[in-house]
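Topology and contacts: notes
The primary structure of each chain is shown beneath.
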Amino acid sequence: MEYGFQRVIAWQKAHEFVLLVYRISKHFPEDERFGLTSQLRRAAVSIEANIAEGYKKTGKADKLRFFNIAQGSLEECRDYHILAKDLDYINEEEFEQLKNSILMTSRFLNAYCNGVINNNAMKNDEL
């Protein structure tokens, strides 16, 4: 059985992004293990974790604060993925996969935030 936040499409897209980041960054140079690899993975995990944490908050402001942190981590990942391409750690196909996943995650996260702002997001007890 899925837990409530797992049913949120923004979280699902963020989770898919994290899995992609781990799969692709596994091939980064060993000397980046504590550098770009770690930073990218931590920022990616932060996206889905903050969506999950924000999901359970009862106040609109609390929810949006966590979702805003997730958005910031998403932008951080956008920067890291450009850097990885410029350093030749990823090829064009991997660059496009990450870019598309970032865009999709961003769209759904923004839509979820707008739903919370406009009181259209599903309530915790409805899931």
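Scroll up to find the structure this text is about.
Residues numbered from 1 in each chain as written. Predicted model: local features only at pLDDT ≥ 70, side-chain atom pairs only at ≥ 80, totals over all residues. Heavy atoms only, no water.

**Considerations on the state of the cysteines**
Applying the stated rule across the entire model yields zero disulfides. The thiol sulfur of Cys77 is not disulfide-bonded, and the nearest other cysteine sulfur, from Cys113, lies at 16 Å. The exposure class of Cys77 is buried, given its relative accessible area of 0%. (Disulfide = S-S within 2.5 Å. Buried < 20%, exposed > 50% of the residue type's maximum accessible area, 1.4 Å probe, protein only.)

**Details of unusual backbone geometry**
A positive phi angle is found at Asp88, which is not glycine, with a value near 65°. Among the secondary structure elements, Asp88 is positioned in the loop between helix H3 (60–86) and helix H4 (92–117). Residue Asp88 is classed as exposed on the basis of its relative accessible area, which comes to 63%. (Helix = DSSP H or I, 4+ residues; strand = E, 2+ residues; numbered from the N terminus.)

**Here we look at the environment of Asn68**
Residue position: Asn68 is located in helix H3. Residue classification places Asn68 among the partly exposed residues on the basis of a relative accessible area of 48%.

**Topic: the pattern of salt bridges**
Going through the model one piece at a time under the given rule, you end up with five salt bridges. Across the salt bridge formed by Lys13 and Glu16, the nearest N and O atoms sit 3.9 Å from each other. With Lys13 and Glu16 both in helix H1 (residues 9–25), this residue pair falls three residues apart, about one helical turn. On the accessibility criterion, Lys13 (22% relative accessible area) is partly exposed. Among the salt bridges present, the one from Glu96 reaches Lys99, with a minimum N-O distance of 3.5 Å. Here Glu96 pairs with Lys99, and both are found in helix H4, just three residues apart, close to one helical turn. Relative accessible area serves as the criterion here: at 32%, Lys99 is assigned to the partly exposed category. (Salt bridge = Lys/Arg side-chain N within 4 Å of Asp/Glu carboxyl O.)

**Digging into the side chain of Thr105**
One can find Thr105 in helix H4. Not counting residues within four places of it along the chain, the set of residues in contact with Thr105 comprises Ala10, Lys13, Ala14, Phe17, Ile47 and Leu74. (Contact = heavy atoms within 4.5 Å.)

**Overview of the side chain of Glu94**
On the secondary structure map, Glu94 appears in helix H4. At 5.6 Å, Arg23 is the nearest oppositely charged side chain to Glu94, a buried residue that forms no salt bridge. Beyond its immediate chain neighbours, meaning those up to four positions away, Glu94 contacts Ile24 and Tyr89. (Lys, Arg positive; Asp, Glu negative; His and termini not counted.)

**Here's the deal with the packing of aromatic side chains**
What the rule picks out here adds up to three aromatic pairs. Between Phe28 and Tyr89, the aromatic rings sit 5.5 Å apart at their centres with planes inclined by 45°, giving tilted as the arrangement. Taken together, the residues span a long stretch of sequence, with Phe28 in the loop between H1 and helix H2 (36–56) and Tyr89 in the loop between H3 and H4 at a distance of 61 residues. Here the guanidinium or amino end of Lys63 rests over the ring plane of Tyr55, the centre of that ring lying 5.6 Å away. Here the basic side chain of Arg65 rests over the ring of Phe66, its NZ or CZ set 4.6 Å away from the ring centre. (Phe/Tyr/Trp six-rings, centres within 6.5 Å; stacked < 30°, edge-to-face > 60°. Lys NZ or Arg CZ within 6 Å of the ring centre and 35° of its normal.)

This is a description of form; function is not addressed.
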